[in-house]
Amino acid sequence: MPQAKAKPSEIASEAKKTYTPYIQSQLPQFPPVSISYPDSSKFHLNPRAGYGHKLRVAVITGDPVDAALDWDESNFKANGSSKQLGAIPVVSMANEKRAGGDWESGLIAPEECLCRRSNLAKVLTTPSHTSAQVPHYPIRTTGGIYSPHVVVFRSGADKNYSMWKDWKVLPIISVAPIRRPKLDESGADYSFSQERELMKEKMRTVLRIAALRQHPDLCIGSFGVGFGFRNPAVQVASMWRELLFCESEFQGAFSNIVFVLESASNGTSKSGLTDLEVFKREFDPSNVIKTSFR
């Protein structure tokens, strides 16, 4: 008989009551703490800091957590280096008011699903000594939370939250995107430039935290796009390209950025393109590599 579909609320309860306490008591090498950065504008990166990385961007389909873990495993096999040194951070679309949003209910959204398959909910609310004086919630407008050791012990909702034999660890960068901005008639642009600029500043927060924590590689899901947040994919993809390739603050700060989106994500414009197709078009080499013909 096929396995019964797991109830999200039951999976959340098991994570909270069984696995999170076990991780805290039995895996001290992965302390369940996080660091709050309440205002990223206070630590602009120095474009002359000597990062020296040459950026490559890929757009793929899938789950960003699984993609980051597979990427890290591939790096480990290729280089034989410590996984902790080479861990790939995942950007989480955070709920600005409470850790994990509605993860203990049946809501199927990226942060909620990740909390059910890991100890992220506990980590987000446990300050490290370096941020003990700064409340983590609510997450401030241009703030974010860095969680260096999130333990993932089961698959996602698409695989019925099946338990893993080998648990894995990765960093999480939690930033709250703009939620349901006012869009123009096409659905492909913001009605108000203020909301567009605030969303862009939140994206800067993601990149500043990643660079500050010395992560040249980064895995980004559908940040602010799709379910729950509804930012226009056309504009979000364009802003990511502007920040990564045109803004001096981030030049040389990153080696590899991978955008991981669901292939079936609904489009946000009348063009009929899916969000995945929008991002692939935006990051086509012809758009990011300038050429001249003589």
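These figures come from a predicted structure and were not determined experimentally. (Residues numbered from 1 in each chain as written. Predicted model: local features only at pLDDT ≥ 70, side-chain atom pairs only at ≥ 80, totals over all residues. Heavy atoms only, no water.)

1. Structural notes on the packing of helix 6 (residues 193-212) against helix 7 (residues 233-245)
Phase 1 of the analysis: It is the contact of helix 6 with helix 7, at a shortest axis distance of 10 Å, that shows an interaxial angle of 50°. With respect to helix 7, the axis of helix 6 lies oblique. Pair helix 6 / helix 7 crosses with right-handed handedness. In this structure, helix 6 contributes Arg196, Met199, Lys200, Met203, Arg204, Val206 and Leu207 to the contact, and helix 7 contributes Gln235, Val236, Ser238, Met239, Trp240, Glu242, Leu243 and Leu244. (Axes fitted to C-alpha atoms, helices over the stretch in contact; angles between N-to-C directions. Helix = DSSP H or I, 4+ residues; strand = E, 2+ residues; numbered from the N terminus. Parallel < 35°, antiparallel > 145°, perpendicular 65-115°, else oblique. Left-handed = near helix turned anticlockwise from the far one by under 90°. Contact = heavy atoms within 4.5 Å.)

2. Points about the environment of Gly144
Phase 1 of the analysis: The residue Gly144 is located in strand 4 (residues 144-154) in this model.
Phase 2 of the analysis: For the pair Gly144 and Ser40, spaced 104 residues apart in the sequence, the C-alpha separation amounts to 7.7 Å.
Phase 3 of the analysis: Sequence-distant contacts of Gly144, defined by excluding residues within four places in its chain, comprise Ile35, Ser36, Tyr37, Ile139, Ser174, Val175, Thr205 and Ile209.

3. Details of the nonpolar core
Phase 1 of the analysis: Membership of the largest hydrophobic core comes to 43 residues, with the highest contact counts inside it found for Leu218, Phe223, Val236, Trp240, Phe254, Phe259 and Phe279.
Phase 2 of the analysis: Contributing elements (two or more residues each) for this core: strand 1 (35-37), strand 3 (90-93), strand 5 (163-175), helix 6, strand 6 (217-220), helix 7, strand 7 (256-261) and helix 8 (275-282).
Phase 3 of the analysis: Counting 36 residues, the second largest nonpolar core, distinct from the first, contains Ala15, Phe30, Val150 and Leu170. (Core = buried A, V, L, I, M, F, W, Y, C linked by side-chain atoms within 4.5 Å. Buried < 20%, exposed > 50% of the residue type's maximum accessible area, 1.4 Å probe, protein only.)

4. So, the packing of helix 7 against helix 8
Phase 1 of the analysis: The geometry of helix 7 relative to helix 8 is characterised by a closest axis approach of 9 Å and an angle of 35° between their N-to-C directions. The handedness of the crossing between helix 7 and helix 8 comes out as right-handed. Facing helix 7, whose interface residues are Ala233, Val234, Val236, Ala237, Ser238, Trp240 and Arg241, helix 8 presents Asp275, Val278, Phe279, Arg281 and Glu282.
Phase 2 of the analysis: Considered class by class, the residues forming the contact of helix 7 with helix 8 number seven nonpolar, one polar and four charged. (Nonpolar A, V, L, I, M, F, W, Y, C, P; charged D, E, K, R; others polar.)

5. Quick look at the pattern of salt bridges
Phase 1 of the analysis: Inspection of the entire model under this criterion finds 14 salt bridges.
Phase 2 of the analysis: Two residues, Glu96 and Arg179, come together in a salt bridge whose shortest N-O distance is 3.2 Å. Taken together, the positions of Glu96 in the loop between strand 3 and helix 4 (110-116) and Arg179 in the loop between strand 5 and helix 6 put the pair 83 residues apart, joining distant regions of the chain.
Phase 3 of the analysis: Residue classification places Glu96 among the partly exposed positions, given a relative accessible area of 24%.
Phase 4 of the analysis: A salt bridge links Glu247 to Arg204; the shortest N-O distance between them is 2.5 Å. (Salt bridge = Lys/Arg side-chain N within 4 Å of Asp/Glu carboxyl O.)

6. Remarks on the environment of Tyr37
Phase 1 of the analysis: Within the secondary structure, Tyr37 sits in strand 1.
Phase 2 of the analysis: Considering only alpha carbons, one finds Tyr37 and Gly144, 107 residues apart in sequence, at a separation of 5.3 Å.

7. Details of unusual backbone geometry
Phase 1 of the analysis: Here the bond from Tyr137 into Pro138 is cis, since omega is -5°, no more than 30 degrees from zero.
Phase 2 of the analysis: Structurally, the position occupied by Pro138 is in the loop between helix 5 (120-124) and strand 4.
Phase 3 of the analysis: Despite not being glycine, Arg180 has its phi angle at roughly 45°, a positive value.
Phase 4 of the analysis: Mapping Arg180 onto the fold places it in the loop between strand 5 and helix 6.
Phase 5 of the analysis: For Arg180, a relative accessible area of 54% translates into the label exposed.
Phase 6 of the analysis: Positive phi values are uncommon outside glycine, yet Gln214 reaches one of about 60°.
Phase 7 of the analysis: Mapping Gln214 onto the fold places it in the loop between helix 6 and strand 6.

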